[in-house]
Amino acid sequence: MAVLLETTVGDLVIDLYTEERPRTCLNFLKLCKVKYYNYCLFYNVQRDFMIQTGDPMGTGCGGESIFCQLYGDQARFFEAEKVPIIKHKKKGTVSMVNNGSDQHGSQFLI
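Residues numbered from 1 in each chain as written. Predicted model: local features only at pLDDT ≥ 70, side-chain atom pairs only at ≥ 80, totals over all residues. Heavy atoms only, no water.

Going by the annotation in an unreviewed UniProt entry, the name recorded for the protein chain is Peptidyl-prolyl cis-trans isomerase, with Rhadina sibilatrix given as the source organism. In the Sequence similarities (unreviewed entry) part of its UniProt record, the protein chain is described as follows: "Belongs to the cyclophilin-type PPIase family." Of the comments in the UniProt record for the protein chain, the one headed Subcellular location (unreviewed entry) reads "Nucleus". (UniProt positions renumbered as here; feature names shortened; annotations may be inferred.)

Here it is in structure tokens:
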């Protein structure tokens, strides 16, 4: 499965690992569906390394998972899926941003 992100500098096609990361993909797809990522800035851009987005405030300190909208503040983040291990082996790999305690919200990096 893939998602098309339209940006001001061009389109990005993101392939999803729905078998390996079902909860993470569900979160990402649902956030896309409710237009959560619309008008989000790429606030962390490091040349020849990575770009980061997914925080509606554009500060890098915000964002929440779709599960927060469904279950309330106690579900602002969800636990990272670690098995099987997926490594960044090529340019364009997308990952959710870890909040420091192995949990994800809405932010992601490419």
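Trainee: Describe the pairing of strand S7 (residues 103-109), with residues and values.
Mentor: By the criterion of burial, S7 is predominantly enclosed, with 5 of the 7 residues buried. Of the strand pairs in this sheet, strand S4 (residues 50-53) and S7 are connected by 2 bridges, and their pairing is antiparallel. Of the residues in S7, the one forming a bridge with Gln 52 is Leu 109. Inspection of the sheet shows strand S5 (residues 78-79) paired to S7 by 2 bridges, in the antiparallel sense. Bridge pairing in S7 links Glu 79 to Gln 103. In terms of strand pairing, strand S6 (residues 95-98) meets S7 through 3 bridges, oriented antiparallel. Residue Ser 95 lies in a different strand from S7, and its bridge partner there is Leu 109. (Buried < 20%, exposed > 50% of the residue type's maximum accessible area, 1.4 Å probe, protein only. Helix = DSSP H or I, 4+ residues; strand = E, 2+ residues; numbered from the N terminus. Pairing = 2+ DSSP bridges.)

Trainee: Summarise the side chain of Thr 53; cite the residues concerned and give the values.
Mentor: Positionally, Thr 53 belongs in strand S4. Here the side chain of Thr 53 touches Leu 41 through a polar contact of 2.8 Å, landing on its backbone oxygen. (Polar contact = N/O pair within 3.5 Å; in protein donor to acceptor, adjacent residues only side chain to side chain.)

Trainee: Can you break down the nonpolar core residue by residue, with the values?
Mentor: Judged by nonpolar contacts, the single largest core of 17 residues is most densely connected at Ile 14, Leu 16, Phe 28, Tyr 37 and Phe 108. When residues of this core are traced back to their parent elements, those giving at least two are strand S1 (2-7), helix H1 (22-33) and helix H2 (66-71). With 3 residues, H1 is the largest single contributor of residues to this core. Setting aside residues up to four positions removed in sequence, Ile 14 forms contacts with Met 1, Ala 2, Val 3, Leu 5, Phe 28, Val 94 and Phe 108. (Core = buried A, V, L, I, M, F, W, Y, C linked by side-chain atoms within 4.5 Å. Contact = heavy atoms within 4.5 Å.)

Trainee: Give me the side chain of Thr 93: which residues, what numbers.
Mentor: Structurally, Thr 93 can be placed in the loop between S5 and S6. Among the polar contacts listed, one links the side chain of Thr 93 to the backbone oxygen of Lys 90, at a separation of 2.9 Å. If sequence neighbours within four positions are ignored, Thr 93 has contacts with His 88, Leu 109 and Ile 110.

Trainee: I'd like a rundown of the environment of Gln 107, residues and numbers included.
Mentor: Along the chain, Gln 107 turns up in strand S7. You can call Gln 107 buried: its relative accessible area is 9%. The spatial distance from the C-alpha of Gln 107 to the C-alpha of Gly 60 is 7.9 Å, given a sequence separation of 47 residues. The contacts of Gln 107, once residues within four sequence positions are left out, are Tyr 43, Gln 52, Thr 53, Gly 54, Asp 55, Gly 60, Cys 61, Gly 62, Met 96 and Val 97. Within polar-contact distance, the side chain of Gln 107 engages the side chain of Gln 52 at 3.0 Å.

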